[in-house]
Amino acid sequence: QANLNLNYTHEFSSGQLGAYVSIAYQSKTTFDPIGNIVQGPVTTVNAELSFAPINFMQGARFVLWGKNLTNKAYILGMLATGYNNSATYAPPRQFGGRVEFRF
């Protein structure tokens, strides 16, 4: 397992611009003792782009984010029983935004 996180900020006269990227790698995972349920290697990428204005709305931060940008289908968890195997998969690629306020 390996993780790489990159964080960059730059100050402008109007505010602070930020960029964040997270890359996570997980090697082959076996979910049962016998080795019937195996997840191959998975690499996921998450990212954020943010802006925090200085002159107006001070204390606010606007963020655009993306998760699972490679749109990789992979197993998060597994329940293996004698009757059935049930897997929970990670959500597909997601995009969104949020506004944060600092008091």
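Residues numbered from 1 in each chain as written. Predicted model: local features only at pLDDT ≥ 70, side-chain atom pairs only at ≥ 80, totals over all residues. Heavy atoms only, no water.

Participant: Go over the sheet that holds strand β6 (residues 60-67), please, and point to the residues and values.
Facilitator: With antiparallel pairing, the five strands of this open sheet are ordered in space as β1-β2-β5-β6-β9. A strand with exactly one partner marks an edge of an open sheet, and here the two such strands are β1 (2-11) and β9 (94-101). Strand-to-strand twist across the sheet, computed as the mean angle between neighbouring axes with direction ignored, equals 15°. Strand direction decides the pairing type here: strand β2 (residues 15-26) and strand β5 (residues 42-53), joined by twelve bridges, are antiparallel. Looking at the pairing, Tyr 25 lines up with Thr 43 of β5. (Pairing = 2+ DSSP bridges. Helix = DSSP H or I, 4+ residues; strand = E, 2+ residues; numbered from the N terminus. Axes fitted to C-alpha atoms, helices over the stretch in contact; angles between N-to-C directions.)

Participant: How would you sum up a nonpolar patch on the surface? Please name residues and give values.
Facilitator: Together, Phe 56, Met 57, Phe 62, Val 99, Phe 101 and Phe 103 make up an exposed nonpolar region whose accessible area comes to about 710 Å². Locating Phe 62 in the fold gives a position in strand β6. (Patch = residues over 30% accessible without salt bridge, like charges linked within 9 Å, V, L, I, M, F, W, Y side chains within 5 Å. Areas by Shrake-Rupley, 256 points an atom, 1.4 Å probe, with all protein chains shown as cover. Salt bridge = Lys/Arg side-chain N within 4 Å of Asp/Glu carboxyl O.)

Participant: Got a sec to walk through the packing of aromatic side chains? Specific residues and values, please.
Facilitator: The full count for this structure, using the stated rule, is zero aromatic pairs. Over the face of the ring belonging to Trp 65 we find Lys 67, whose NZ or CZ atom lies 5.2 Å from the ring centre. (Phe/Tyr/Trp six-rings, centres within 6.5 Å; stacked < 30°, edge-to-face > 60°. Lys NZ or Arg CZ within 6 Å of the ring centre and 35° of its normal.)

Participant: Summarise unusual backbone geometry; cite the residues concerned and give the values.
Facilitator: Phi at Asn 68 is positive, roughly 50°, even though this residue is not glycine. Structurally, Asn 68 is set in the loop between β6 and β7 (75-80). Positive phi values are uncommon outside glycine, yet Asn 71 reaches one of about 55°. Tracing the sequence through the fold places Asn 71 in the loop between β6 and β7.

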